[in-house]
Each structure stands twice: as structure tokens, then as C-alpha cells.
There are 2 protein chains.
Amino acid sequence: MSRFGADTTSSSLVDGRIAAEVSAEWGTGGPAPNGGYLLALVARALGGTLKHPHPLTITAHYLSAATPGPAVIETETLREGRTQTTAMARLVQDGKERIRVLAAYGDLADLPDDVRTTAKPPALPPVEECYAPPKEFAEVVTMMRHTEVRHDPATSGWARGKPSGVGLLRSWLRLADGTEPDPFMLLYTVDALPPVAFEMALNGWVPTLELTVHLRALPAPGWLRVQAESRNLAGGLIEEDIEVWDSEDRLVAQARQLAKVRLHSPAQAG
Amino acid sequence: MSRFGADTTSSSLVDGRIAAEVSAEWGTGGPAPNGGYLLALVARALGGTLKHPHPLTITAHYLSAATPGPAVIETETLREGRTQTTAMARLVQDGKERIRVLAAYGDLADLPDDVRTTAKPPALPPVEECYAPPKEFAEVVTMMRHTEVRHDPATSGWARGKPSGVGLLRSWLRLADGTEPDPFMLLYTVDALPPVAFEMALNGWVPTLELTVHLRALPAPGWLRVQAESRNLAGGLIEEDIEVWDSEDRLVAQARQLAKVRLHSPAQAG
């Protein structure tokens, strides 16, 4: 099994509750693991209890900071229909709720073939012309040990200490061990880029309040292209719109999150 | 009290549950009331139980068709923080769950003033040059008795039987009795335009699976401008992105919904 698969699989069931293990290998540099990884962990466990395997739309609220180690996932089916099941889940550690999830599951393999997408894939330079974060980065940001990203030089001024000020990031992404993308890996992918706020010259922690992901198709093998954009920074909150495109130019995931942001960069506050 | 205010206010509390009344005055022409109205009804009731008054981000899953008449709203506080409260609610009729809601509440009046919105308000012709639906329309679609809309002629070909095929709607909107917008009225507004699918030449019922709304500022008095756009119709599902701008050019709400759609218009199926 792949690293991502192993770290998002919860094996044991006790009294209808699921025993999960939050891995330390999907860290962002702070104490809490990546929010997309946590969502994938909960979503895979929840899917295992339902008639339908894949989240079509899933919303997570981040209530408190999860930490690597044991956790319990509790699930509830709200409505089971012919093509969709609506369900809820919560991830609990030490009696404290970390994440609450509300979702509608279906089967992405069963959806009609018809596609009338008018959105266009992000224009990215070839992988080999994009910026690879230095390997040392992965010593602190453990998720980078298992994730290959290549950032478009035009949108990664933040990495050279010269953010463009524009709320746009575009990157190639795949798992480092060669595992091809699946729907749960997409839930991780939508939260795997640096915060758009970095490219907007805003520093510091950007904690996610809420993340909603629509999974729209089974992803084809190969590199994914991820675009994250922010158009409304106001009131100490920022929205991020994320699109994930697969190697066959299919828009496989659309996501939006609302995060808190510190409005004053150090230079301005100085 | 305004019509909208009255129809979204739940007065009595019984055993921690809230007795609500689903009004017949916010109908869409089918048996079920408008989904945004229902969300506003639940959100106002939920807010009344919390320390923080306004939803900053709120997600609704529509489980079964609500009908005008009595309902019960059950609420649960998941986490109360200094500036935000995360909570859940469900609307139940005849023992059947209609809507499940997950939200983070805050106080829009308390947010910092800083605004760095790069999104631009939709370019709409003046109100008097826009298209007003015929008054008879309100006999069937009861919500139109209480809502004034003026559609941009450039995006309302559907109303003349000549949809453009482009997934874009732009309209002016306000409540008919002169009540100025408030945060709960914005929850209604994001779902008050016709389905974007109509302008894409797709007919029939477009039931919402899930709707997420970010409220970003208290709306100023006056007409609202609403833009709804769809960029990804695929697999029998369609996303709608909605923006609501107030009279002071402030982006006050951003919303996205996922809906089911019939992929074949009658002409094609013919």
C-alpha cells in the first residue's frame, strides 16, 4: 500500500466507532497536520461505513488542532438514497473534537459521461521548468517528504522572498512514491499548496475555518495541476478557491476555503 | 416586522428544540420552498441560540423536500470560542430531516475594517434598463411576491425563450416591501435567481445537493447585485458560484452550490 493510503486507512471498528491514527508524516511545520490530509483520513473512514464510496461534496470545520497519534472517528448516516448518501463524521482526540465533516457520497465511477466544462485548465510551464522546493524543506514540513510539487515561477515569488502581491498560485503536484491520484488524495491536494496569502505578502499562520470540496470525476494517472486563487481578503478573513485538473484536462476537484489571516505584514506593522 | 423577517423568525422554544413555521410565501413553483429561504430560517433560529449572531460560513445539505407548515429545528453547539462559535442544526418535519446545517458564527460588526478585495462588481445596466419578470409569475412562484429582481438583458435570454448557452446570470435584487438587506436576507439572496442551467438551455428541476455561503460583511442599504456563474457541468452535476455585492461595492457574500441537472435539454433528447 502507498504511504498516503496507509496513513489514511483506519482499520479497526470498536462499538461503531472507528479507531484512527493521525500520522506525523503529513505535517506543515507546525504542531497540526495538514488539513487536507486530516479530511482525507476522516473521509476514507466515513466512506467505509456507507453504501456509496466517494464524497461528491464534503465540508470540514476545523475546531481544534489535531496532533499526531490515536484518534476516534464517529460517523452518522443522515440519509441513504439510491445514488447518494448524506453523512456526518467527527474526529476526536482526548475527548476533544478536532474536525466536523458533513458530506454527500456517491460513486464517481457511476456518473454520466457528459462533460460540458467551460473552465480552462491553468496554463503552467512544463514540470521541468517549474520551481522545486529545496529538499531540506521536508525535514520540517513532513508532508513534503511524500509530495512532489513544482511551482510555476510566475506565481512563486514568495519562495524567493519576493511575493507578487497577487492572490494566485499554480503548481504541479503528485505523490512522491508514484501512487496515482484517487478521490481521497484529491482531498489532500486541494489543501497541499502554500497559503495563497504568502504570495500576497502576508505572513504568519493562516488557519482554515472551513473547507468544502466538490469531487467531480475520478482522476486520471499522472501529474495534477492545482490552481489556488484569492479574490476577497477582508475583515481578517480570506477565501481560497482551488481547482485541481488531471492529466487528461479534466476538472476533477473544485474547492473553497475560508481562513483567518493576519492583515498586517511585518513590514507594514513595523 | 418585514415579511422576510417574520417568515424567518422562530419564536418558541420547547425542550431545547425550536418550533418553526415554513412559510408558503417563498415558493419556487414546486412543492418545496426556496432553499435559500429555508437556510435563512434555520440560520436565524440557530444564531438565536449562540453567543455570536451571524454565520461567517454556513453549509446546508438538502435531504428531503420541505413543505410549508410546522417544523422543528434542533441545534447543537460544537465549539464556542472568543470570536467564533461552530454549530449544527437540522430542520425536521413529520420526523423526517429536511436540511442539515453546519456553520461557524461570528459577529460581522466586529470584523476588522481592512478590505483588499481584488474581485470586481458585476457590470450591470441601470435597474430601469433591466428585465422585470411579469407580475403573473408571482402567482405561482410565491417568492416573487416579496422579491424585486431586475435581470440584465444580456444574461436573461432564458426569459425570452432564447438562452445564450453561457452559464452566467446577473441581476439586481431587493425585498419588495423595502426592508433593507441583513445577513439572513443574504442567505436567501444567493439562491434567489433562476438556476444558471436555464441560461445554458437545460430545462427541468435542478435540485441543490449542497450550498455553502460565506458572509463577508454587513450589507449596506439599497439594491444588491447578484452574479451566478457555472463553469463545470459534468457527470449530471453542476456547480454554481454566486457573488452578492452591496450598494457600496462591497462583496458581502460568496456562495457555491452543487446541484443535480438533467443533461439533455428537450431539443437534444427529442
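Residues numbered from 1 in each chain as written. Chains lettered and ligands numbered in written order. Predicted model: local features only at pLDDT ≥ 70, side-chain atom pairs only at ≥ 80, totals over all residues. Heavy atoms only, no water.

An unreviewed UniProt entry lists chain A under the name Acyl-CoA thioesterase, with Actinocorallia herbida given as the organism.

J.: How should the environment of Pro181 of chain A be read in this particular structure?
T.: Residue and element names in this part refer to chain A. Position of Pro181 among the secondary structure elements: in the loop between strand 9 (168–175) and helix 4 (183–189). Of the residues examined, Pro181 reaches a relative accessible area of 10% and is grouped as buried. The spatial distance from the C-alpha of Pro181 to the C-alpha of Thr147 is 12 Å, given a sequence separation of 34 residues. With residues near it in sequence (within four places) discarded, Pro181 still touches Pro219, Ala220, Pro221, Gly222 and Leu224. (Helix = DSSP H or I, 4+ residues; strand = E, 2+ residues; numbered from the N terminus. Buried < 20%, exposed > 50% of the residue type's maximum accessible area, 1.4 Å probe, protein only. Contact = heavy atoms within 4.5 Å.)

J.: Please clarify how the pairing of strand 11 (residues 224–229) of chain B should be interpreted in this entry.
T.: Put simply, side chains in a regular strand alternate between the two faces of the sheet. All names here are of chain B. Burial of strand 11 is extensive: 5 of the 6 residues sit out of reach of the surface. Bridge analysis of strand 9 (residues 168–175) against strand 11 gives 6 bridges, and the strand direction is antiparallel. Each residue of the ladder has a partner; that of Arg170, found in strand 11, is Gln227. As paired strands, strand 11 and strand 13 (residues 237–245) are joined by 5 bridges and run antiparallel to one another. Along strand 13, the bridge assignment pairs Glu229 with Asp241. (Pairing = 2+ DSSP bridges.)

J.: Can you walk me through the relation of the copies chain A and chain B in this structure?
T.: Two chain copies here: they are related by a rotation about an axis and a translation along the same axis. Superposition of chain A onto chain B requires a rotation of 180° combined with a translation of 0.0 Å along the rotation axis, giving an RMSD of 0.0 Å. Considering both components of the superposition, the chain copies are consistent with a two-fold axis. Take the interface residues of chain A: 98% of them recur as interface residues in chain B, which is what a same-surface contact looks like. (Least-squares fit on C-alpha atoms with pLDDT ≥ 70 in both.)

J.: How do you make sense of unusual backbone geometry when you look at a structure like this?
T.: The bulk of non-glycine residues show a negative phi, and the bulk of peptide bonds are trans. Residue and element names in this part refer to chain B. Residues other than glycine seldom take positive phi values, yet Asp94 does so here, at roughly 50°. Here Asp94 is to be found in the loop between strand 5 (85–93) and strand 6 (96–106). Asp94 sits in the exposed class, given a relative accessible area of 74%. One non-glycine residue with positive phi stands out, namely Ala201, at about 70°. Tracing the chain through its elements places Ala201 in the loop between helix 5 (196–199) and strand 10 (208–215). A residue is classified by how much of its surface remains accessible, and Ala201, at 29% relative accessible area, is partly exposed.

J.: What exactly am I supposed to notice about the UniProt feature "domain: Acyl-CoA thioesterase-like N-terminal HotDog" (unreviewed entry) in chain A here?
T.: In the numbering used here, UniProt assigns the feature "domain: Acyl-CoA thioesterase-like N-terminal HotDog" (unreviewed entry) to residues 24–104 of chain A. The straight-line gap between the two end C-alpha atoms of residues 24–104 of chain A is 28 Å; of that span, 16% is helix and 48% is strand. (UniProt positions renumbered as here; feature names shortened; annotations may be inferred.)

J.: Even after reading the chapter, I still don't get the packing of aromatic side chains, so can you show me in this structure?
T.: A ring pair, where both rings are aromatic, is described by two values, the distance of the centres and the angle of the planes. Enumeration over the complete set of coordinates arrives at 12 aromatic pairs over all chains. With 6.4 Å between their ring centres and 55° between their planes, Trp158 of chain B and Phe198 of chain B make a pair best called tilted. Of this pair, Trp158 of chain B sits in the loop between strand 8 (147–151) and strand 9 while Phe198 of chain B is found in helix 5, placing the two residues 40 residues apart along the sequence. An aromatic cluster is present here, built from Phe4, Trp26, Tyr37 and Tyr188 of chain A joined pairwise through their rings. (Phe/Tyr/Trp six-rings, centres within 6.5 Å; stacked < 30°, edge-to-face > 60°.)

J.: What am I meant to see in the pairing of strand 8 (residues 147–151) of chain A here?
T.: Residue and element names in this part refer to chain A. By the criterion of burial, strand 8 is predominantly enclosed, with 4 of the 5 residues buried. Of the strand pairs in this sheet, strand 8 and strand 9 are connected by 5 bridges, and their pairing is antiparallel. Each residue of the ladder has a partner; that of Arg150, found in strand 9, is Trp172.

J.: Hey, could you run me through the interface of chain A and chain B in this one?
T.: Where the parts come together, the accessible area they lose is often given as the size of the interface. Contacts between the two partners involve 55 residues from chain A, matched on the other side by 54 residues from chain B. Both sides together, the interface formed by chain A and chain B hides about 4,800 Å², and carbon and sulfur atoms give 51% of it. The largest contributions to the chain A side of the interface with chain B come from Arg116, Arg216 and Arg231 of chain A, which together make up 16% of the buried area. Our count for the chain A to chain B interface comes out at 6 salt bridges. Note that Asp241 of chain B is salt-bridged to Arg256 of chain A, the shortest N-O span being 3.2 Å. The interface formed by chain A and chain B includes 33 residue pairs in polar contact (both at pLDDT 80 or more). Examining the composition of the side of chain A that touches chain B, we find that 7 residues originate from one element, strand 14 (residues 251–260) of chain A, more than from any other. The residue inventory of the side of chain A that touches chain B, partitioned by class, reads 21 nonpolar, 18 polar and 16 charged. (Buried area = accessible area lost by both parts, 1.4 Å probe. Salt bridge = Lys/Arg side-chain N within 4 Å of Asp/Glu carboxyl O. Polar contact = N/O pair within 3.5 Å; in protein donor to acceptor, adjacent residues only side chain to side chain. Nonpolar A, V, L, I, M, F, W, Y, C, P; charged D, E, K, R; others polar.)

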